[in-house]
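# Notes for the structure review
Below are the chains, spelled out letter by letter.
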Amino acid sequence: MSIRAFLEQEEHLRLDPRAAFSDCSKGRPIPEERREDEVRTCYQRDVDRIIHSKSFRRLMHKTQVFLKPEGDHYRTRMTHTIEVARIGKSIARALRLNEDLTEAIAMGHDLGHTPFGHAGERALAAIYPEGFKHYEQSLRVVDKLEKLNLTYEVRNGIVCHTRGEEAETLEGRIVKLADRIAYINHDIDDAIRGGVISEGNLPAEAKRFLGDKK
């Protein structure tokens, strides 16, 4: 038995029946005739394909909120993506869902984001007749520009991570929530670091409930 087959079998023993199992994927847009990977499951392969892509590396140069922050400690799209992946995997682990699928969706969810934060997205949306949506562009990046040939479940999670239809998998829906958790918290953190707000501006009730530690 290959390592991949063992991991797939182990998923059925360990994960909740509602999880998206690797050996039950709907497959890739273009069938791959070469032999299946003997070590990685399909979702693990998708994680690697995304991380090794040029579009993923470009995330390090795209800011999250501040257009041109001075300093190394403000979030970029890359650090945001890593935080979403970590939050998403923690939730998936607690619910006994597929952590690899969750990670793959999280790693690809913002590949289509513009430079200059949300201001860049608004600028493109204003001049493009059909409008610009970064989640649709993220799917275009993995399909058309990078040609990563990702699994259906990962592609569905990427395009459904913001608005519109809910993702078909629970893992995709987790990423949508993890994205929101990440950007709300780190936008506050960056705003405090940038002097836009102070900790005293935060609601006392929220601080009592959520605490003040990571």
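Refer to the structure above for everything that follows.
This text gives an overview of the structure that appears in the document. (Residues numbered from 1 in each chain as written. Predicted model: local features only at pLDDT ≥ 70, side-chain atom pairs only at ≥ 80, totals over all residues. Heavy atoms only, no water.)

## Brief notes about helix H7 (residues 134-145)
- Its twelve residues place the ends of H7 only 14 Å apart at the C-alpha level, less than the 16 Å of an ideal helix rising 1.5 Å per residue.
- Once H7 ends, the next one or two residues include Lys147, with phi positive near 55 degrees. (Helix = DSSP H or I, 4+ residues; strand = E, 2+ residues; numbered from the N terminus. Expected span 1.5 Å × (residues − 1).)

## A look at the pattern of salt bridges
- Counting across every chain of the model gives 16 salt bridges.
- For Glu10, the salt bridge goes to Arg14, with nearest N and O atoms at 2.8 Å. Taken as a pair, Glu10 and Arg14 lie in helix H1 (residues 3-14) at a separation of four residues, close to a single helical turn.
- Here Arg93 makes a salt bridge to Glu99, at a shortest N to O gap of 3.1 Å.
- Salt bridges here are not isolated pairs; linked through shared partners, they connect Arg28, Glu32, Arg45, Asp46 and Arg49. (Salt bridge = Lys/Arg side-chain N within 4 Å of Asp/Glu carboxyl O.)

## Some remarks on helix H4 (residues 77-95)
- An ideal rise of 1.5 Å per residue puts 27 Å on 19 residues; H4 measures up with 27 Å between its terminal C-alpha atoms.
- Those residues of H4 that fall on the buried side of the exposure criterion are Arg77, Met78, His80, Thr81, Val84, Ala85, Gly88, Lys89 and Ala92. The buried residues of H4 all sit within an arc of 165 degrees when viewed along its axis, so they share a single face.
- Just downstream of H4 lies Arg96, where phi reads positive at about 60 degrees. (Buried < 20%, exposed > 50% of the residue type's maximum accessible area, 1.4 Å probe, protein only. Arc of directions from axis to C-beta.)

## Regarding the side chain of Glu146
- Mapping Glu146 onto the fold places it in the loop between H7 and helix H8 (152-159).
- Taking the relative accessible area as the measure of exposure, Glu146 reaches 14% and is therefore buried.
- Looking at Glu146, its side chain comes within polar contact range of the main-chain nitrogen of Lys54, at 3.3 Å.
- Apart from the residues within four sequence positions on either side, Glu146 is in contact with Ser53, Lys54, Ser55, Arg58 and Val141. (Polar contact = N/O pair within 3.5 Å; in protein donor to acceptor, adjacent residues only side chain to side chain. Contact = heavy atoms within 4.5 Å.)

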